[in-house]
Amino acid sequence: MRRAKKSYSYYSPASALADVKAIYEELSQRPIERHCTLKTECCHFLQTGKTPFLTRGEALLAAQALGNTGRKELPKRIDGACKLLHPRTNRCMIYQDRPFGCRTHFCQAAGGPYARKEVVDLIHRLEEIDRKLEGQGSQELHTAIEEVLKEQRH
Ligand code: SF4
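Heads up: these notes are all about the structure in this document. Please read all numbers here as calculations on a predicted model, not as lab measurements. (Residues numbered from 1 in each chain as written. Predicted model: local features only at pLDDT ≥ 70, side-chain atom pairs only at ≥ 80, totals over all residues. Heavy atoms only, no water.)

Some words on the packing of helix H3 (residues 56–68) against helix H6 (residues 141–153)
- Relative orientation of the contacting elements H3 and H6 amounts to 65°, with a least axis distance of 8 Å. Crossing hand, H3 versus H6: right-handed. Across the interface between the two elements, Arg56, Ala59, Leu60, Ala62, Ala63 and Leu66 from H3 touch Ala144, Ile145, Glu147, Val148, Leu149, Glu151 and Gln152 from H6.
- A class-by-class count of the residues in the contact of H3 with H6 yields 9 nonpolar, 1 polar and 3 charged. (Axes fitted to C-alpha atoms, helices over the stretch in contact; angles between N-to-C directions. Helix = DSSP H or I, 4+ residues; strand = E, 2+ residues; numbered from the N terminus. Left-handed = near helix turned anticlockwise from the far one by under 90°. Contact = heavy atoms within 4.5 Å. Nonpolar A, V, L, I, M, F, W, Y, C, P; charged D, E, K, R; others polar.)

Here it is as structure tokens:
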């Protein structure tokens, strides 16, 4: 038997941004021993072989943060690193609003990846926001942000 699709009343992008930020804030309050030292090793996807995936709400927030830097497009990069890594300063251009995966995934220097059980409730909330925004589930970082930026240009 097919499950009926859950229907939602209108859920605004502004609400989604606030909800995603609240989840990031909650994550930062968790007593999990991690310390990002801004080494940005995890931002070099070709070297790590791993890329963060974003839900729709995270992509909206990342696109907004990029817009706040005065950019309407993802900068070009040819070294396979994250396009949000500033080419001169080598710092994340949206650090305060960086996606959930950038906060929790595979960075060994920060203490290794979070155990899923430590953050699974927050992941489910991000997925719920994605559904309410009629997103397509998690997508590769550049694809997810590019999709939002493209919609905003039209
Ligand atoms: S969004 Fe920022 S923290 Fe995440 S991979 Fe890109 S540059 Fe690194």
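On we go from here.
Focus: the environment of Leu60
- Here Leu60 lies in helix H3.
- Once the C-alpha coordinates of Leu60 and Val148 are considered, the two residues, 88 residues apart in sequence, prove to be 6.4 Å apart.
- In this structure Leu60 touches Pro13, Ala16, Leu17, Leu133 and Val148, once residues within four positions along its chain are discounted.

Structural notes on the nonpolar core
- Counting residues in hydrophobic clusters, the biggest one holds 37 residues, and the most contacted among them are Leu54, Leu84, Phe100, Ile129, Leu141 and Ile145.
- If you list the elements that add at least two residues to this core, you get helix H1 (13–29), H3, helix H5 (116–132) and H6.
- In terms of residues, this core owes the most to one element, H3, which gives 7 residues.
- Sequence-distant contacts of Leu84, defined by excluding residues within four places in its chain, comprise Leu66, Leu74, Arg91, Cys92, Met93, Ile94, Leu141 and Ile145. (Core = buried A, V, L, I, M, F, W, Y, C linked by side-chain atoms within 4.5 Å. Buried < 20%, exposed > 50% of the residue type's maximum accessible area, 1.4 Å probe, protein only.)

Coordinates in, geometry out; function isn't part of it.
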